[in-house]
Amino acid sequence: MPSQRVGGNGITSEFGDLTGMTRQEVDDFLRGLGAEIKITRDGYVGYKFLDKSTVAIRPNGEVIRTPAPKYGSDGRNINKGFRLDSYGHLLRTRNELGNLIPGTHNTGEKLNE
């Protein structure tokens, strides 16, 4: 079972690195936290929590976490385009112009295949 992490960005920020776990171990763990599961035709397995934070597992085992949405006083989503690292910290993936920031797309968190 992963260790506890920083939190504050939804359920997906509250548990530790999934690296080295099997797909079945991760599936059991995330379902135990109340995730709804969706499998895409491209082979991604998506886990969505009540707070709308998500974990996606790519076909190659790479883990992608996104935070629960947070909204500003104007109703705009202020953390759109962010991901979470394996510690639960926010990672900005795009700059002010919407361009991908190099080195932020992949966090290195990967399942044992």
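Below: a short report on this structure. A quick note: this is a predicted structure, and the numbers were derived from the prediction, not measured.

Structural notes on the packing of aromatic side chains
Phase 1 of the analysis: According to the stated counting rule, one finds one aromatic pair in the structure shown.
Phase 2 of the analysis: Here Phe15 and Phe29 contribute two aromatic rings whose centre-to-centre distance is 5.2 Å and whose plane-to-plane angle is 85°, an arrangement assigned as edge-to-face. In this pair, Phe15 sits in the segment before helix H1 (23–32) while Phe29 sits in helix H1, placing the two residues 14 residues apart along the sequence. Taken as a pair, Phe15 and Phe29 share a single burial class, namely buried.

Comments concerning unusual backbone geometry
Phase 1 of the analysis: You will see that Lys52, though not glycine, has its phi angle at about 75°, which is positive.
Phase 2 of the analysis: Positionally, Lys52 belongs in the loop between strand E2 (45–48) and strand E3 (54–57).

Some remarks on the pairing of E2
Phase 1 of the analysis: On E2, burial follows the alternation: Val45 and Tyr47 on one face are buried, whereas Gly46 and Lys48 on the facing-out side are not.
Phase 2 of the analysis: In the sheet, strand E1 (residues 36–39) pairs with E2 via four bridges, with the strands oriented antiparallel. Paired with Glu36 across the bridge in E2 is Lys48.
Phase 3 of the analysis: If you look at the hairpin formed by E1 and E2, you'll find five residues sitting between the two strands, and Gly43 has a positive phi there, around 95°.
Phase 4 of the analysis: Counting the residues in the hairpin turn of E2 and E3 gives five residues, including Lys52, whose phi is positive at 75°.

Concerning the pattern of salt bridges
Phase 1 of the analysis: Applying the stated criterion across every chain yields a total of four salt bridges.
Phase 2 of the analysis: The partner of Asp27 in a salt bridge is Arg31, with the nearest N and O atoms 2.7 Å apart. One end of the pair is Asp27 and the other is Arg31, both in helix H1 and four residues apart, which spans about a single turn.
Phase 3 of the analysis: Judged by its relative accessible area of 14%, Asp27 falls in the buried class.
Phase 4 of the analysis: A salt bridge links Arg65 to Glu109, with the nearest nitrogen and oxygen atoms 2.6 Å apart. One end of the pair, Arg65, is in strand E4 (residues 63–66); the other, Glu109, is in the segment after strand E6 (90–92), with 44 residues separating them in the sequence. The pair Arg65 / Glu109 is uniform in exposure class, with both members buried.

The rules behind these values
- Residues numbered from 1 in each chain as written.
- Predicted model: local features only at pLDDT ≥ 70, side-chain atom pairs only at ≥ 80, totals over all residues.
- Heavy atoms only, no water.
- Phe/Tyr/Trp six-rings, centres within 6.5 Å; stacked < 30°, edge-to-face > 60°.
- Helix = DSSP H or I, 4+ residues; strand = E, 2+ residues; numbered from the N terminus.
- Buried < 20%, exposed > 50% of the residue type's maximum accessible area, 1.4 Å probe, protein only.
- Pairing = 2+ DSSP bridges.
- Salt bridge = Lys/Arg side-chain N within 4 Å of Asp/Glu carboxyl O.

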